[in-house]
Amino acid sequence: MLSSNTTDEDNSKDSLAEQHSQIPARPMQQLWQKEFGHLPTMPSLFSPRPHSTVPSGYLDSHNDGVSPASAMSRSKSTRSENGFPSLISPPFTPTTTPGSPTLGPQPGIPVESVQVPEKLMKELPEVSCVVRARIPTTTGTEIFLHLYTNSIDNKEHLAIVFGNKIRSKSLDAPRPGETEMDRMIRGAYTGRLHPGRTTSREKGKIEERKPAGPALVRIHSECYTGEIAWSARCDCGEQLDEAARLMSLDPAGGAVVYLRQEGRGIGLGEKLKAYNLQDLGNDTVQANLMLRHPVDARSYGLATAILQDLELSEIRLLTNNPDKIAAVEGPNKEVRVVERVAMVPLAWKNMKGGVTGKEVSEYLKTKITQMGHMLPLPEGV
Ligand SMILES: Nc1nc2c(ncn2[C@@H]2O[C@H](COP(=O)(O)OP(=O)(O)OP(=O)(O)O)[C@@H](O)[C@H]2O)c(=O)[nH]1
């Protein structure tokens, strides 16, 4: 959705383009004309479009049968008659898997034909916890970080487990030929490690495998800016901290499934472009659409599979996002959300430590008014 507001800046851009086409040929252009018999059509003010990096046949199988060749010919129509590249960016390329880097720009396919990746996969991906380790945290709570591999991408998705009642089936499963030391090194032990320990299973102790009642769960998507770069444009960092706080207090423990689908699945680079579009007056939804991405390019099959591996078949889900609730239950209701726990911004509860400011207020407002997030909008926001 492109903003229809035409500003002075837009007008000046247009007149700049007009002036540009009237500028007499300079020596470099004359040389070009001599060599190639015509003037270059790409004005020097614009950088050339990168070539598509889409593997051959990709479009055929993923984008309503549009072949690369015919799509390429359509792309010519995205240029204006004077040969200037369109101000609209190339259309969205569906991510190959949730969170995988967005493929390079593609030739023009009308927005209407863009296929939004399916939120509900027909089958769950396979996941395997390859290593788990105890992390003493700065808040004093101990957590167990579980690192997963999976059958659909090569990203390191994680489960951050609170308490010792939640265990991974794939981690605990014996592996052929492994020694007790191997098991301890990959974290498949019960109790605690200590110098001189020789067995992965503590003698005389049977670890309780099931949490008492449905565990608290957060499905969290990576946000470099909010979690690492102290961004006050979103509440992602605050939500992660708050989820950890609540889980550390809960007797049933809990798990944060941390998915590497940065920027709602469009990747960090594209999210940073979206930020610039936001600074130009667009909201977070408009910015994604202007970049030819879906509003939300994420999927949650990996989260469901990880929850299954952790034997969390009934959960209390910390979220305001209705899509997430439906998607995380999986195609065959492998996981059941028995309760939704709202994530209310701390500042709205007059609590300390919340993200505040104009940007985060706009971001939250857009999520509520345009993305259907289930939070009452306080007066004055
Ligand atoms: N494209 C885009 N992504 C953003 C922006 N701000 C934050 N994000 C991403 O949005 C995602 C945050 O989503 P989650 O924390 O899972 O939360 P949610 O879907 O909003 O729903 P909740 O569970 O209610 O918090 C992360 O991947 C962030 O990187 C933005 O302005 N544009």
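Preceding block: the structure.
What you see is a predicted model, and the numbers here were worked out from it, not measured in a lab. (Residues numbered from 1 in each chain as written. Predicted model: local features only at pLDDT ≥ 70, side-chain atom pairs only at ≥ 80, totals over all residues. Heavy atoms only, no water.)

**Q** What is the right way to look at the overall build of the protein in this model?
**A** Within the protein one finds 14 helices and seven strands. Counting every position in the protein, which comprises 381 residues, the buried fraction comes to 44%. Excluding contacts between residues fewer than 6 apart, the proportion of contacts in the protein whose partners are at least 24 apart in sequence is 64%. As presented, the protein carries roughly 20600 Å² of accessible surface, and 56% of it is formed by carbon and sulfur atoms. (Helix = DSSP H or I, 4+ residues; strand = E, 2+ residues; numbered from the N terminus. Buried < 20%, exposed > 50% of the residue type's maximum accessible area, 1.4 Å probe, protein only. Contact = heavy atoms within 4.5 Å. Areas by Shrake-Rupley, 256 points an atom, 1.4 Å probe, with all protein chains shown as cover.)

**Q** Quick question: what am I supposed to make of empty space enclosed by the protein here?
**A** To find the voids left in a structure, one rolls a probe of water-molecule size over its atoms. Under the counting rule described, the total for this entry stands at one cavity of 30 Å³ or more. The space that makes up the largest cavity amounts to roughly 40 Å³. Along its surface, the largest cavity is lined by Asp235, Glu238, Gln239, Glu242, Met343, Val344, Pro345 and Leu346. Residue composition of the lining of the largest cavity, grouped by class: four nonpolar, one polar and three charged. (1 Å grid on protein atoms, 1.4 Å probe; cavity = no way out; pocket = protein on both sides within 12 Å on 5 of 7 lines; lining within 4 Å. Points joined across faces, edges and corners; volume = space filled by probe spheres on them. Nonpolar A, V, L, I, M, F, W, Y, C, P; charged D, E, K, R; others polar.)

**Q** Before we go on, may I ask you to explain the environment of Asp283 in this structure?
**A** Tracing the backbone shows Asp283 in the loop between helix 10 (268–279) and helix 11 (284–290). Taking relative accessible area as the criterion, Asp283 reaches 16% and is therefore assigned buried. Sequence separation between Asp283 and Arg192 is 91 residues; the distance between their C-alpha atoms is 48 Å. Polar contacts involving the side chain of Asp283 include one to the main-chain amide nitrogen of Val285, which spans 3.0 Å. A polar contact of 2.8 Å, which involves the side chain of Asp283, links it to the backbone nitrogen of Gln286. (Polar contact = N/O pair within 3.5 Å; in protein donor to acceptor, adjacent residues only side chain to side chain.)

**Q** Could you clarify how one ought to interpret helix 14 (residues 358–370) in this entry?
**A** In an α-helix, one turn spans 3.6 residues, which is why side chains three or four residues apart end up on the same side. Taking 1.5 Å of rise per residue, the 13 residues of helix 14 would be expected to cover 18 Å, and the 18 Å separating its terminal C-alpha atoms lies within 8% of that figure. Buried residues of helix 14: Val360, Tyr363, Leu364, Thr366, Lys367 and Ile368, and no others. A positive phi of about 70 degrees marks Gly372, the residue just after helix 14. (Expected span 1.5 Å × (residues − 1).)

**Q** What is the right way to read the site of the ligand from this model?
**A** Surveying the vicinity of the ligand reveals 26 residues, the closest of which are Gln239, Arg298, Thr319, Lys324 and Lys367. Arg218 places a polar side-chain atom, nitrogen or oxygen, 2.8 Å from an oxygen atom of the ligand. Coverage of the ligand by the protein chains reaches 99% of its 660 Å² of free accessible surface. Applying the majority rule of atoms within 2 Å of the grid points places the ligand in the second largest pocket. (Near = heavy atom within 4 Å. Sits in = over half its atoms within 2 Å of the grid points.)

**Q** What am I meant to see in the pairing of strand 6 (residues 314–318) here?
**A** Side-chain direction in a regular strand flips from residue to residue, so the side chains alternate between the two faces of the sheet. Burial analysis of strand 6 places four of its five residues in the buried class, which makes it a mostly covered element. The pairing of strand 4 (residues 215–221) with strand 6 spans three bridges and is classified as parallel. Looking at strand 6, one finds that Val217 is bridged to Leu317. Alignment of strand 6 against strand 7 (residues 336–341), held across five bridges, turns out to be parallel. By the bridge assignment, Leu318 is partnered in strand 7 with Val341. Viewed along the sheet, the connection from strand 6 through helix 13 (residues 322–328) into strand 7 turns out right-handed. (Pairing = 2+ DSSP bridges. Right-handed = clockwise from strand over helix to strand, strands pointing away.)

**Q** How should the sheet that holds strand 1 (residues 127–136) be read in this particular structure?
**A** The pairing of strands in a sheet happens through backbone hydrogen bonds and is either parallel or antiparallel. Taken in spatial order, the seven strands line up as 1-2-3-5-4-6-7 in an open sheet, and their pairing is mixed. One side of each edge strand has no neighbouring strand; the edge strands of this open sheet are strand 1 and strand 7. Each strand of the sheet is rotated relative to its neighbour by a mean of 25 degrees, with strand direction disregarded. Pairing of strand 1 with strand 2 (residues 142–150) involves nine bridges; the strand directions are antiparallel. Bridge pairing in strand 2 places Val131 opposite Leu147. Contacting strand 3 (157–162), strand 4, strand 5 (254–259) and strand 6, helix 8 (residues 236–249) crosses the sheet at an angle of about 165 degrees to strand 4. (Axes fitted to C-alpha atoms, helices over the stretch in contact; angles between N-to-C directions.)

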